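Fold and contact review
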Amino acid sequence: MKICILGAGSLGSAIGGTLAMGGSEVFLINHQKAYVEAVNRDGLRMTDEKTDWSVPVTAVPDAAGIGPVDLVIVLVKSYVTKKAVQELMRTDAISEDTLFMTLQNGLGNEEVIAEVVGEDRVLSGKTYVGGRMLEPGYVSATVKGKQTFIGEMSGEITPRAKAVQEEFHRAGMHCEISDNMKGLIWDKLLINVAAGALCAITRLPYGPLYEEDYIKETACAAVEEGIRVARAAGVCLTSEDPEYPWYAASKGLPGTFKTSMLQSLENGRPTEIDFINGAVVKWGEKYGIDTPVNRTLTACVKGIEKALLQGC
């Protein structure tokens, strides 16, 4: 299968590199010149923080000239999803048979992509694979034992979903087709609610973050708000125990791991807070449920973003 990773940052590199190791023809789209040059010169360097290896794979600044692909895995930041997909649609990478699948964080990405390409071309997905960019073209990848769920927005089990599942399996990644993607999207959302903003605000990687009881208490309070909102929306969650997402967030990850939200701040870029804790606030307003903890966490992260952009 010919696959384009739209947004080959830390997670996109971890997934794209692993798929390439399994035999997929992978193109990593990354706008950073240093990343593209490093990958095309040395291969994508990967580590599980015990062993290092290099994967021959093609990195490009955009999709022009790569020819039609079978699958686009969308992993750009949620706030640029529509623009990125619109730009990709104008290249020769897209044919009438190209399928789009999102593995992004947060709520609403499937709907945004469907607005551009049509709902009949979109697969939903959620992954628990972890990635951290150590330097351009060198990624720490947490893949072993991490599950990825994919499925049709309709809940139907289709041959094309099975084909994508097989591609992941061939690369040694756990991948399950689900008829409850809405519930799984909320499961992953609550995991990001638990740790994402608190990691970004405290600047702590997972090791010290999980040593503090008061941080855990705040995380579980934020998750509890999300559970109440999900319940009101009729979402079927894996668990309604607020500690479940807190512990699931760190499972199998090294103590040096940093959430994508913290990585964004460290790189001076906006975060996806509006699509994570901010989404809980927005949905809470829709159902008349107060979400003060998530509102506070959202305000704090947005304040840090503003301070960074203004050079404070």
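Residues numbered from 1 in each chain as written. Predicted model: local features only at pLDDT ≥ 70, side-chain atom pairs only at ≥ 80, totals over all residues. Heavy atoms only, no water.

With respect to the overall build of the protein
Applicable threshold: Secondary structure elements are taken from DSSP: a helix is a run of H or I of four residues or more, a strand is a run of E of two residues or more, and numbering for both begins at the N terminus. Restricting the calculation to C-alpha atoms gives the radius of gyration, and the globule rule supplies 2.2 Å times the number of residues raised to the power 0.38. When a residue's accessible area, from a 1.4 Å probe over protein chains only, is under 20% of the maximum for its type it is buried; when over 50% it is exposed; and in between it is partly exposed. Residue contacts are defined here by distance: any two heavy atoms, one from each residue, within 4.5 Å place the two residues in contact.
Assigned secondary structure in the protein consists of twelve helices and twelve strands. The C-alpha atoms of the protein give a radius of gyration of 19 Å, which matches the 20 Å a tight globule of 312 residues would have. Summarising its shape, the C-alpha atoms of the protein cover approximately 50 × 40 × 35 Å along the three principal directions. Looking at the protein as a whole, 55% of its 312 residues are labelled buried. Long-range contacts, defined here as pairs at least 24 residues apart, represent 72% of the contacts in the protein between residues at least 6 apart.

Considerations on the sheet that holds strand 1 (residues 2-6)
Two orientations exist for strands paired in a sheet by backbone hydrogen bonds: parallel and antiparallel. Applicable threshold: Strand pairing is assigned whenever DSSP identifies at least 2 bridges connecting the two strands. Axes here mean lines fitted to C-alpha atoms, for a helix over just the part in contact, with angles spanning 0 to 180 degrees between N-to-C directions.
Spatially, the eight strands line up as an open sheet ordered 5-2-1-6-7-8-11-12, and their pairing is mixed. Unpaired on one side and paired on the other, strand 5 (58-60) and strand 12 (174-177) mark the two borders of the sheet. When strand polarity is set aside, the average angle formed by the axes of neighbouring strands in this sheet is 25 degrees. Pairing of strand 6 (residues 71-74) with strand 7 (residues 99-102) involves four bridges; the strand directions are parallel. Bridging across to strand 7, Leu-71 finds its partner in Leu-99. With respect to the sheet, helix 1 (residues 10-21) is in contact with strand 1, strand 2 (25-29), strand 6 and strand 8 (122-127), its orientation differing from that of strand 2 by roughly 165 degrees.

Section: the sheet that holds strand 3 (residues 44-47)
Read across the open sheet, the four strands follow the order 4-3-10-9; overall the sheet is mixed. With partners counted over all chains shown, the strands left at the sheet margins are strand 4 (52-55) and strand 9 (130-135), one partner each. Averaged over neighbouring strand pairs, the angle between their axes works out to 30 degrees when direction is ignored. Strand direction decides the pairing type here: strand 3 and strand 10 (residues 138-142), joined by three bridges, are parallel. Its bridge partner lying in strand 10, Thr-47 is registered against Ser-140.

Re the layout of surface pockets
To keep it simple, the criterion reads: Grid points spaced at 1 Å over the protein atoms alone were grouped into cavities, where a 1.4 Å probe fits but cannot get out, and pockets, open sets with protein on both sides within 12 Å along at least five of seven lines, with lining residues defined by an atom within 4 Å of a point. Grid points are joined across faces, edges and corners, and a volume is the space filled by probe spheres set on the points. All amino acids are sorted into three groups, where Ala, Val, Leu, Ile, Met, Phe, Trp, Tyr, Cys and Pro are nonpolar, Asp, Glu, Lys and Arg are charged, and the leftover types, Gly among them, are polar.
The calculated volume of the second largest pocket comes to roughly 500 Å³. Around the second largest pocket, the lining comprises 21 residues; the ones closest to its centre are Leu-107, Gly-108, Glu-110, Glu-111 and Trp-283. Partitioned by chemical class, the residues of the lining of the second largest pocket number eight nonpolar, five polar and eight charged.

With respect to a negative patch on the surface
Our working definition: Residues enter a patch when their relative accessible area is above 30% and they make no salt bridge; the linking distance is 9 Å between like charges and 5 Å between nonpolar side chains (Val, Leu, Ile, Met, Phe, Trp, Tyr). Here the accessible surface of atoms and residues is derived via Shrake-Rupley with a 1.4 Å probe, and residues count as covered only by protein chains that are part of the display. When a carboxyl oxygen of Asp or Glu is within 4 Å of a side-chain nitrogen of Lys or Arg, the pair counts as a salt bridge. Neither His nor the chain termini are counted; the positive set is Lys and Arg, and the negative set is Asp and Glu. Where a charge lies is defined by one atom per residue type: Lys uses NZ, Arg uses CZ, Asp uses CG and Glu uses CD.
A surface patch of like charges, here negative, comprises Glu-25, Asp-70, Glu-96 and Asp-97. With respect to the helices and strands, Asp-70 occurs in the loop between strand 5 and strand 6.

Some details on the nonpolar core
Put simply, the test is: Definition used in this section: a nonpolar core is a set of buried Ala, Val, Leu, Ile, Met, Phe, Trp, Tyr and Cys residues joined via side-chain atoms within 4.5 Å.
Ranked by size, the top nonpolar core spans 41 residues in total, and within it Trp-186, Leu-189, Val-193, Tyr-206, Leu-237, Trp-246 and Met-261 carry the most contacts. Breaking this core down by element, the ones donating at least two residues are helix 6 (181-202), helix 7 (206-209), helix 8 (213-232), helix 9 (243-250), helix 10 (260-266), helix 11 (277-287) and helix 12 (292-309). For this core, the element with the most residues is helix 6, which contributes twelve residues. Contact partners of Trp-246, with chain neighbours within four places excluded, come to Ala-194, Leu-209, Tyr-210, Ile-215, Lys-216, Ala-219 and Cys-220. The next biggest cluster of nonpolar side chains, apart from the first, holds 37 residues, and it includes Ile-15, Val-57, Leu-71 and Ile-177.

Regarding the pairing of strand 7
In plain terms, the rule: Every crossover in which the path from the first strand over the helix to the second runs clockwise, viewed with the strands pointing away from the viewer, is termed right-handed.
Here strand 7 shows a buried face lined by Leu-99 and Met-101 and a second buried face lined by Phe-100 and Thr-102. Each parallel crossover has a hand, and for strand 6 linked through helix 3 (residues 81-89) to strand 7 it is right-handed. Summarising the sheet, strand 7 and strand 8 pair through two bridges and their orientation is parallel. By the bridge assignment for strand 8, Met-101 is matched with Leu-123. Considered for its hand, the β-α-β crossover made up of strand 7, helix 4 (residues 109-117) and strand 8 is right-handed.

Digging into the state of the cysteines
Threshold: In plain terms, two cysteine sulfur atoms within 2.5 Å form what is called a disulfide here.
Taken as a whole and judged by the stated rule, the model has zero disulfides. With no disulfide of its own, Cys-300 lies 14 Å from the sulfur of Cys-199, the closest cysteine sulfur. Taking the relative accessible area as the measure of exposure, Cys-300 reaches 36% and is therefore partly exposed.

So, the environment of Ala-197
Mapped onto the elements of the fold, Ala-197 is located in helix 6. Assessed through its relative accessible area of 0%, Ala-197 is described here as buried. Sequence separation of Ala-197 and Ile-273 is 76 residues, and the distance between their C-alpha atoms is 7.3 Å. When near neighbours in sequence (up to four residues on either side) are disregarded, Ala-197 contacts Asn-192, Met-261, Ile-273, Asn-277, Leu-297 and Val-301.

Some words on the pattern of salt bridges
Here the idea is simple: oppositely charged side chains can pair when their charged atoms come close. This model, assessed by the stated rule, comprises 13 salt bridges. Where Asp-42 meets Arg-41, a salt bridge forms, and the shortest distance between an N and an O atom there is 3.1 Å. Using a relative accessible area of 37% as the deciding quantity, one classes Asp-42 as partly exposed. The partner of Glu-266 in a salt bridge is Lys-258, with the nearest N and O atoms 2.9 Å apart.

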